[in-house]
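So the chains spell out like this:
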Amino acid sequence: MGPSPAFLYTCNGLKKSCMAFLIFKSQPPYNTIPTISNLTSSNPEELARINDATVLTVFPTDKEVIVPVNCSCLTRDYYQAETKYVLGTYPTYFAVTNDTFQGLATCDALERANPYGELDLHPGMELHVPLRCACPTWHQTTNGTKYLLTYSVNWGDSISNIATRFNVEPGILIDANDFSTQTQTLFPFTTILIPLPSEPVSSMTIVANDPPNMSTPHVCSSKRCKSMRKLHIIVATLGGSMLVLCVILSVMFLLRKRSARFFKQDTEYKKTKRVSSEDIREEIAIIEHHSKVYRFEEIKAATEDFSSKNRIKGSVFRGVFGNGRGILAVKKMRGDASKEVNLLKKINHFNLIKLQGYCRNDGCLYLLYEYMENGSLREWLSKNRSTEHQSWAKRIQIAVDIANGLQYLHNFTEPCYVHKNINSGNILLNKDLRAKIANFALAEESDRKITSGCPTSHVVGSRGYMAPEYLEAAIVTTKMDVYAFGVVLLELITGKDSIITLQDGVMVMLPTIILNLIGKENEEEKVSLFIDPRLTGNCGKVPALQLLKLSLSCLTQEPEKRPNTAEVVSSLLKIQQMIWTKEYHPASITV
């Protein structure tokens, strides 16, 4: 969950209106006192004074500017500072909130403040824009807080470095934002509240950095490495032009459908009905396995009344059922799970977890899955297991299983789906160490190349696995699953977590460490130091290096340069053959 839940801005302060502050990062044309003042409806004299600037000052790009605003909740349930904005080319609510106002406004608030739907927006239209702000609560006031500053999170920010910059105790920052711990993950384009005992000063501001490698690992070379800024501009433009998007999707669909057809070469078959991959996909997708409806009493008996000794993890329990049904995993669902259930009833593949049944009782839904004896991949890699199970053959088979499951989701369901939450905790292993993908709560149709309108929450998923284009602009495509698979593949090779905590407490992404070794002198020798020492067999360094390079190709920053799942499966099978036959020919592997 992001660090800016709506309740932090509810009208619960000691005063109904107050002076508050925002941090805005200068971007042309909003890089002077007059233009920023006009954009945010702030007092230009106060804006200049607090930033030690004049009306002639031109701020560097991405320079943080302190913006004083009148924050009020006299007629609403939420605090806000009101301003207006005239829409330019390619208008969308998402572009206004994320591109122009940098997360200082939200899509939900913008839609509530204006009587226009997403498709009704056009250039030249004036929007009311509520900016996020708040007044100190009674508790904060008694503890010396006089002002609250709304801060838009930068790449690489943490609670500790923000607290240091603004001279605030981390505990006070945690309380003000209802964080759980000091290690709470902060996502870019979300906001947090910073309690201040006095007005902020310009010395607290910085020139914000571009996304660092640690946050968005990618394969970097002089030809392939492009800035996130360019990507974001392209994304925003595409997101704004609904017409262009529809045309592009239509053309892509027609090309894909056309290229998938199987033609008979002989002229006598030209008039026969053409068989396409679309037809095949629909046939596969309609093979629904029928889920059994269980009685709640059966589930209680099978789990021994949800005994702690039968708890697998969280709200998942092990249940022993009679009549030959054996052991099943029982998961108590919270909230509406109909979307996930409907998807699970459609999908039918060995490498995707199978829904065996369900039960509704007292407003709760219980889902029954096939039982996976070896738990999650993350647990399996973390445990000290005997070396007989820690072989290259086992690891590569797990990778092939995951890729096959994703390929089915991406290409052979109707509609096709993006999982959106691939990580080693959502990969389960059965008694034979065959992998199955689980947890489809976040799955979306893959035809939605860009999330329509405004996402209800900015990003959802697992830290360390989210693709840069999703973090940056909430773009949902199958390539975000490929990116996450790249991280999982690194975990299989190294046996390490996706995020490693160093001795000094600094957290580093696993891909960042490996990236620093690839392409350098003695790379094979250096990379071999990171291969899981528990791995057995005469795999050799060459296949391991090819696996690493495949992983890093999946982690390429530009999504269009990542391989698709069919290409990933093909590469993995070639590497698997190398391991089996011990014929190490790197030239035979193409990624």
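The following refers to the structure shown. (Residues numbered from 1 in each chain as written. Predicted model: local features only at pLDDT ≥ 70, side-chain atom pairs only at ≥ 80, totals over all residues. Heavy atoms only, no water.)

**What about the nonpolar core?**
In summary, soluble globular proteins display a tendency toward joint burial of nonpolar side chains. In plain terms, the rule: We define a nonpolar core as any set of buried Ala, Val, Leu, Ile, Met, Phe, Trp, Tyr and Cys residues linked to one another through side-chain atoms lying within 4.5 Å. Buried, partly exposed and exposed residues are distinguished by accessible area as a fraction of the type maximum, computed with a 1.4 Å probe on protein chains only: under 20%, between the cut-offs, and over 50%, respectively. In what follows, a contact means two residues having at least one pair of non-hydrogen atoms within 4.5 Å.
The biggest cluster of nonpolar side chains holds 71 residues, and the ones touching the most others in it are L377, I402, F440, F485 and L572. Beyond its immediate chain neighbours, meaning those up to four positions away, L377 contacts I398, I402, S424, I427, L429, V488 and L492. Formed by 37 residues, the second largest nonpolar core is a distinct cluster that contains L22, I36, A81 and F101.

**Points about helix α1 (residues 33-40)**
Condition: Helix and strand definitions follow DSSP, with helices as H or I runs of at least four residues and strands as E runs of at least two, each counted in order from the N terminus. What the arc covers is the set of directions going from the helix axis to the C-beta atoms.
Where α1 is concerned, the buried positions are I33, I36, S37, L39 and T40. Along the long axis of α1, the arc covered by the buried residues comes to 165°, so they all point the same way. The first or second residue beyond α1 is S41, which carries a positive phi of 55°.

**Structural notes on the sheet that holds strand β2 (residues 64-72)**
As a reminder, the rule being used: Any two strands between which DSSP finds at least two bridges are classified as paired. Helix axes are fitted to C-alpha atoms over the stretch in contact, other axes to C-alpha atoms as well, and angles between N-to-C directions run from 0 to 180 degrees.
The four strands lie next to each other as β2-β1-β5-β6, forming an open sheet whose pairing is mixed. Looking along the sheet, the strands with just one partner apiece sit at the ends: β2 and β6 (191-196). Taking each pair of neighbouring strands and ignoring which way they run, the sheet shows an average axis angle of 30°. Sheet topology note: the strand β1 (residues 17-25)/strand β5 (residues 147-152) ladder contains two bridges and is parallel. By the bridge assignment for β5, F21 is matched with L149. This element, α1, spans β1 and β2 of the sheet and lies at about 30° to β2.

**Some words on helix α12 (residues 338-346)**
The complete set of buried residues in α12 reads E340, V341, L343 and L344. The buried residues of α12 occupy an angular sector of 165° when projected down its axis, which confines them to one face. Packed against the buried residues of α12 are β10 (326-333), β11 (355-361), β12 (364-370) and β13 (417-418).

**Some words on the sheet that holds strand β7 (residues 292-293)**
Across a sheet, strands are paired by hydrogen bonds formed along the backbone, either parallel or antiparallel in direction. Strand order in the open sheet made by the six strands is β7-β11-β12-β10-β9-β8, with mixed pairing throughout. Pairing within the sheet leaves two strands with one partner each, and these edge strands are β7 and β8 (311-313). With six bridges connecting them, β11 and β12 associate as antiparallel partners. Residue pairing across strands places Y358 opposite L367, the latter belonging to β12. α12 contacts β10, β11 and β12 of the sheet and is inclined by roughly 30° relative to β12.

**Side note on the state of the cysteines**
Selection criterion: Throughout, a disulfide means two cysteine sulfur atoms within 2.5 Å of one another.
Going through the model one piece at a time under the given rule, you end up with three disulfides. C18 shares a disulfide with C135; S-S distance 2.1 Å. Since a negative S-S torsion denotes a left-handed disulfide, the C18-C135 link at about -100° is left-handed. You can see C18 sitting in strand β1 and its partner C135 sitting in the loop between β4 (126-131) and α5 (138-142), a full 117 residues away along the chain. Using a relative accessible area of 15% as the deciding quantity, one classes C18 as buried. Paired by a disulfide, C71 and C133 hold their sulfur atoms 2.1 Å apart. Its torsion about the S-S bond being 95°, the disulfide of C71 and C133 is classed as right-handed. Separated by 62 residues along the polypeptide, C71 in strand β2 and C133 in the loop between β4 and α5 bring together distant segments of the chain. Just as C71 is buried, C133 falls in that class too. Between C359, a free cysteine, and C364, which holds the nearest cysteine sulfur, the sulfur-to-sulfur gap is 9.8 Å.

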